[in-house]
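Summary of structural features
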Amino acid sequence: MAKTQYTRDELFVLRNHVPVDNLIKQLGITSKMSEGCFRFSCPICREFDTGVNPATNLARCFACEKNYNTIDLVMRVKKLDFIHSVKFLKTIYEQKNNPATPLPSIIQPSTGQPISIGNILKAITPALQNRTEVASKTVKNQLTIEMLNERLQQIEHQVIHLTEKIKAIELNR
């Protein structure tokens, strides 16, 4: 049976960790950069008097005064109910956070010792530098922090997975 209830934490993640500007593009909503700001066609009034706040991950239409979080946008644009909108966003979130490429090992093959967090961050720096240039330094720093946080979450998941593997191996001895 399909899930019909979601925890506050699950909804928080979907509202805050699926970037609203990326979602707008993914939903096929007409969008553009205007005066250094990301603008989109409001799904209600079709005006471009809109804005996105990366800090709150909310979108707003100033013409009709409607605020959108990610769930609201999916419900409005795809004409889905709440549960199906959450399922749609969960799919997007899982695709984003379960990369097809495996995470690098956190154990140095030569020594068998854990790699320091500094070396891990250095390893992902080239990926961060290859990102599209952003006009505003504040936005660029915010994106970098978000990307580092996402990467650290991936590393934490890998550590948990490895810990479980070690426990299973020890139990089999």
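Preceding block: the structure.
Fair warning: this is a prediction, and the values are worked out from it, not measured in the lab.

1. Quick notes on the pattern of salt bridges
In total, this model carries one salt bridge according to the counting rule given. Here Lys90 and Glu10 are joined by a salt bridge, their closest N and O atoms 3.7 Å apart. Placement of Lys90 in helix H4 (residues 82–97) and of Glu10 in helix H1 (residues 8–16) is noted, with a sequence separation of 80 residues between them. Lys90 gets classed as partly exposed once you look at its relative accessible area, which sits at 27%.

2. Here's the deal with the environment of Thr91
Position of Thr91 relative to the elements: it lies in helix H4. Here the alpha-carbon distance between Thr91 and Leu14, two residues 77 residues apart in the chain, equals 10.0 Å.

3. Side note on a positive patch on the surface
Taken together, Arg46, Lys66, Arg76 and Lys79 make up a surface patch of like positive charges. A relative accessible area of 31% means that Lys66 is categorised as partly exposed.

4. Focus: helix H3 (residues 70–78)
All of the buried residues along H3 are Thr70, Ile71, Leu73 and Val74. Angularly, the buried residues of H3 cover 160 degrees about the axis, an arc narrow enough to put them on a single face. Tucked into the core, H3 has its buried residues touching H1, helix H2 (20–26), strand E5 (66–68) and H4. By the N-cap criterion, in which a side-chain oxygen at the helix start approaches the backbone nitrogen of a residue two or three places on, H3 is capped by Asn69, the distance to Ile71 being 2.8 Å. Positive backbone phi, approximately 55 degrees, marks Lys79, located one or two places after H3.

So, how was this worked out
- Residues numbered from 1 in each chain as written.
- Predicted model: local features only at pLDDT ≥ 70, side-chain atom pairs only at ≥ 80, totals over all residues.
- Heavy atoms only, no water.
- Salt bridge = Lys/Arg side-chain N within 4 Å of Asp/Glu carboxyl O.
- Helix = DSSP H or I, 4+ residues; strand = E, 2+ residues; numbered from the N terminus.
- Buried < 20%, exposed > 50% of the residue type's maximum accessible area, 1.4 Å probe, protein only.
- Patch = residues over 30% accessible without salt bridge, like charges linked within 9 Å, V, L, I, M, F, W, Y side chains within 5 Å.
- Areas by Shrake-Rupley, 256 points an atom, 1.4 Å probe, with all protein chains shown as cover.
- Lys, Arg positive; Asp, Glu negative; His and termini not counted.
- Charge placed at Lys NZ, Arg CZ, Asp CG, Glu CD.
- Arc of directions from axis to C-beta.
- Contact = heavy atoms within 4.5 Å.
- Polar contact = N/O pair within 3.5 Å; in protein donor to acceptor, adjacent residues only side chain to side chain.

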